Amino acid sequence: MTAVSGDWGGGYVTDIAYLPGYYRHQSPLHLNLACLLGGSAGIEIGPASKLSYLELGCGQGFGALMLAACNPAWQVIGIDYNPAHIAAARMLCADAEITNAQFLEADLAVVAETPVWRELPQADIVTMHGLWSWVGDATRGGIVRLLADKLRPGGIAHVSYNALPAWQGALGMQRLLLEAGVRAGGRSDRQVAAGWELVRAMADAEAHHLRDGDLVRSLTGSSQQLPIAYLAHEYMNAAWRPCFHADVVRALADAKLDWVASAQLLENFTPLMLGEEARTIVARFDDPVMRELAKDMFLTRCLRQDVFVRGARRLSNAERDAALAEVTLALLPQEAQFAWEFEVPVGHAKIERKFFGPIVAALAEAPQRVSALLALPELPRHDNPGEVVGMLVGSHQALPVIGPATEPEKPVRRLNQAAARRFVRPDNLDTGMALAASGTGSPVPCPMLDLFIADRLQSDSPPDPAAWARELGPAQPPSEQDRLCGFIERVITERAPAWRRLGAMPCHGAAST
Ligand SMILES: C[S@@+](CC[C@H](N)C(=O)[O-])C[C@H]1O[C@@H](n2cnc3c(N)ncnc32)[C@H](O)[C@@H]1O
């Protein structure tokens, strides 16, 4: 489908590079929590664990490198068939002097027949973000074979994909984009731009299938703000095919994988997802696949984040609670910035202040085990470790950690610096990235802007938010630069303390690399 690259892509875009990003759902510590919340045994992850982590379709490898820098004892491998991606990942890896990550160029459709196959270890965790529903049957078949042979018994797999039925109202829109784009010719970023131009013109002319449905409206609305490389990789793949959960479960059953949970932790709490009537219908079914299908009929979210285990071991409620009580959590925001309310599919969720107030106050002092948090004398009740983990991590306000933060090690400092200097641009400051950190095992998720600020705060000169805002928005009017300057000042007071607390930045002064 692409006009100027070779034909090795199997229907996936290969002529422009994908963008770097960090997705917290791929972190093994996070996936372990999802397993426990789903009532299945996860895997033991401690400070000395020699975890073997494999990412399929790793793009430029930013997520894999984050995990490697934060966990020097792990063996991290990223696979992608695009040599431009592998070259970029290897260069960043070398710049950061990370020695426990490796990037392999291989086509997943045929990897079992290549020498790369022998290099792949039995992995504890395999993740793939943005791969499954964007590739064709041959690649999916290769992925299933890889999971069958290379994910160890009891190992965890993470698969994200565009989900049906949520996507059904926009199938016509994607096909129109693809067909119009291909006919326009040229590189796939130009193709997708031409496709969007037609979609917008037809939406303005009230084409029926571009008019109805919130999804089409929100996609057409947001597309103007999204980077063109993202749009090309999202829409210009001939093999693009959203999936029902039931079909992904069936396909992965061939590798003996069992679906256990959603990596979007709040999705494992049905009362936050569905109203009472919907819950009564879903509760008719014991079969988790039927329950998920029924749930998906009510939900508008279009990307599923599924967690599978190769041979799930189901836990009793008491075993699950005991395992969750052993989890250590670190608070992300400062106590004053903690969000007590957030939006969920059923409306407005409020975090119960009476119960969580003392918990958040204790976490503001230091990371704590869930068992210690539940033992706090001020709590009105002392039960439900799943609720503590689910609400705090699910609302993105806490991270699971494996140890106390330390001063950032050299690869952590170098990766944060190299990423800031390589990736930050005036037009991508909102992109979801992360800062690597030492001691905790967990990268600290943050927007791209924070990479820039963290890097500048570690330079020798005193902070100069006004100059930084001019540098980041050279073409912006002074009012916009003032707004950005104010925002940078807030990040320095509100977020930078967490970077120090969590091992992403030295506690005192600047650090040399
Ligand atoms: C949408 S991107 C996602 C990249 C990365 N996981 C992320 O989320 O940032 C999909 C990635 O899969 C890779 N890919 C697609 N088909 C592949 C195949 N058959 N074998 C290996 N990699 C493939 C692409 O090159 C691309 O980097």
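Everything below is about the structure printed above this text.
In terms of helices and strands, the protein chain carries 23 helices and 14 strands. Against the 2.2 N^0.38 benchmark of 24 Å for 513 residues, the protein chain shows a C-alpha radius of gyration of 23 Å, consistent with a compact globule. Per-residue burial over the protein chain gives 55% buried out of 513 residues. In the structure as shown, the protein chain presents an accessible area of about 21700 Å², 53% of it carried by carbon and sulfur atoms. Both charge centroids of the protein chain, one from 46 positive and one from 57 negative side chains, sit 2 Å from each other.

Our focus in this paragraph is the pairing of strand β2 (residues 75-80). The buried count for β2 comes to 5 of 6 residues, which makes it a mostly enclosed element. Pairing geometry for strand β1 (residues 52-56) and β2, over 5 bridges, is parallel. Counted as the bridge partner of Glu55 is Gly78 from β2. You can see the chain leave β1, run along helix α2 (residues 62-70) and come back into β2, and the turn it takes is right-handed. Sheet analysis places β2 next to strand β3 (residues 101-105), joined by 5 bridges and oriented parallel. Note on β3: the bridge partner recorded for Val76 is Ala101. You can see the chain leave β2, run along helix α3 (residues 83-95) and come back into β3, and the turn it takes is right-handed.

Not every one of the 18 residues close to the ligand is listed here, only the nearest: Gly57, Asp80, Asp107, Leu108 and His129. Measuring from a nitrogen atom of the ligand, one finds a backbone N or O atom of Leu108 at 2.9 Å. Bound to the protein, the ligand loses 97% of the 590 Å² it would expose on its own. Taken together, the residues of the shell around the ligand break down into 8 nonpolar, 7 polar and 3 charged.

Turning next to the pattern of salt bridges. Summed over all chains, the structure comprises 26 salt bridges. A salt bridge links Lys295 to Glu292; the shortest N-O distance between them is 3.2 Å. Placement of both Lys295 and Glu292 in helix α14 (residues 288-298) is noted, with a separation of 3 residues, approximately one turn of the helix. With a relative accessible area of 6%, Glu292 lands in the buried category. Across the pair Asp427 and Arg425 runs a salt bridge, and its minimum N-O distance is 3.0 Å.

Strand-to-strand pairing in sheets goes through backbone hydrogen bonds, with the strands running parallel or antiparallel. Pairing within the open sheet is mixed, and its 7 strands lie in the order β3-β2-β1-β4-β5-β7-β6. The open sheet has two edge strands with one neighbour each: β3 and β6 (257-262). Taken over all neighbouring pairs, the strand axes of this sheet differ in orientation by 20 degrees on average, direction set aside. Where strand β5 (residues 151-162) and strand β7 (residues 303-310) come together, 7 bridges link them in antiparallel fashion. Residue pairing in the sheet places Ile156 in a bridge with Val309 of β7.

It is worth spelling out unusual backbone geometry at this point. It is generally the case that most residues other than glycine have a negative phi and that most peptide bonds are trans. Pro165 follows Leu164 through a cis peptide bond whose omega is 5 degrees. With respect to the helices and strands, the residue Pro165 is situated in the loop between β5 and α6 (171-184). In the Ramachandran plot, Glu206 falls in the positive-phi region, its phi being about 60 degrees despite a non-glycine side chain. Within the secondary structure, Glu206 sits in the loop between α7 (188-204) and α8 (208-211). Positive phi is not limited to glycine here, since Lys256 has a value of about 65 degrees. As for its position among the elements, Lys256 is in the loop between α11 (245-253) and β6.

Moving on, we get to the pairing of β6. Of all 6 residues in β6, 5 are buried; the element is thus mostly enclosed. Bridge count for β6 against β7 is 5 bridges, and the pairing is antiparallel. By the bridge assignment for β7, Asp258 is matched with Val309.

Bringing the nonpolar core into the picture now. Counting 116 residues, the largest nonpolar core has Ile359, Leu392 and Trp499 as the members making the most contacts within it. No other element matches the 8 residues that α2 contributes to this core. With near-sequence residues (within four places) excluded, Trp499 lies in contact with Leu435, Val444, Asp450, Ile453, Ala454, Leu457, Val491, Ala504 and Met505. Formed by 62 residues, the second largest nonpolar core is a distinct cluster that contains Val126, Leu131, Leu178 and Phe308.

Let us now look at the side chain of Gln397. By the element assignment, Gln397 lies in the loop between α18 (385-394) and β12 (398-401). One polar contact links the side chain of Gln397 to the main-chain amide nitrogen of Ala339, over a distance of 2.7 Å. Within the structure, the side chain of Gln397 is placed 3.1 Å from the side chain of Ser395, a separation counted as a polar contact. Ignoring any residue separated from it by four or fewer positions in sequence, one finds Gln397 in contact with Ala330, Leu331, Leu332, Pro333, Phe338, Ala339, Ile351 and Leu392.

What follows is about α14. Within α14 the residues assigned to the buried category are Val289, Glu292, Ala294, Lys295 and Asp296. For α14, the elements touching its buried residues are α11, β6, α12 (270-273), α13 (276-282) and β7. The N-cap residue of α14 is Asp287: its side-chain oxygen and the backbone nitrogen of Val289 are 2.9 Å apart.

Below, the discussion takes up α18. With respect to burial, α18 is a largely interior element, 10 of its 10 residues being buried. Within α18, the full set of buried residues consists of Pro385, Gly386, Glu387, Val388, Val389, Gly390, Met391, Leu392, Val393 and Gly394. One or two residues past the end of α18 sits His396, with phi positive at roughly 65 degrees.

Taken N-terminus to C-terminus, the directions of helix α20 (residues 448-457) and helix α21 (residues 465-472) make an angle of 135 degrees; their axes are 12 Å apart at the nearest point. Our classification of the angle between α20 and α21 gives oblique. You can see that α20 and α21 cross each other, and the crossing is right-handed. Contacts between α20 and α21 involve Leu449, Phe452, Ile453, Arg456 and Leu457 on the former and, on the latter, Trp468, Glu471 and Leu472. Split into classes, the residues belonging to the contact of α20 with α21 amount to 6 nonpolar, no polar and 2 charged.

Cut-offs applied
Residues numbered from 1 in each chain as written. Predicted model: local features only at pLDDT ≥ 70, side-chain atom pairs only at ≥ 80, totals over all residues. Heavy atoms only, no water. Helix = DSSP H or I, 4+ residues; strand = E, 2+ residues; numbered from the N terminus. Rg over C-alpha atoms; globule rule 2.2 N^0.38 Å. Buried < 20%, exposed > 50% of the residue type's maximum accessible area, 1.4 Å probe, protein only. Areas by Shrake-Rupley, 256 points an atom, 1.4 Å probe, with all protein chains shown as cover. Lys, Arg positive; Asp, Glu negative; His and termini not counted. Charge placed at Lys NZ, Arg CZ, Asp CG, Glu CD. Pairing = 2+ DSSP bridges. Right-handed = clockwise from strand over helix to strand, strands pointing away. Near = heavy atom within 4 Å. Polar contact = N/O pair within 3.5 Å; in protein donor to acceptor, adjacent residues only side chain to side chain. Nonpolar A, V, L, I, M, F, W, Y, C, P; charged D, E, K, R; others polar. Salt bridge = Lys/Arg side-chain N within 4 Å of Asp/Glu carboxyl O. Axes fitted to C-alpha atoms, helices over the stretch in contact; angles between N-to-C directions. Core = buried A, V, L, I, M, F, W, Y, C linked by side-chain atoms within 4.5 Å. Contact = heavy atoms within 4.5 Å. Parallel < 35°, antiparallel > 145°, perpendicular 65-115°, else oblique. Left-handed = near helix turned anticlockwise from the far one by under 90°.

Keep in mind these values describe shape, not function.
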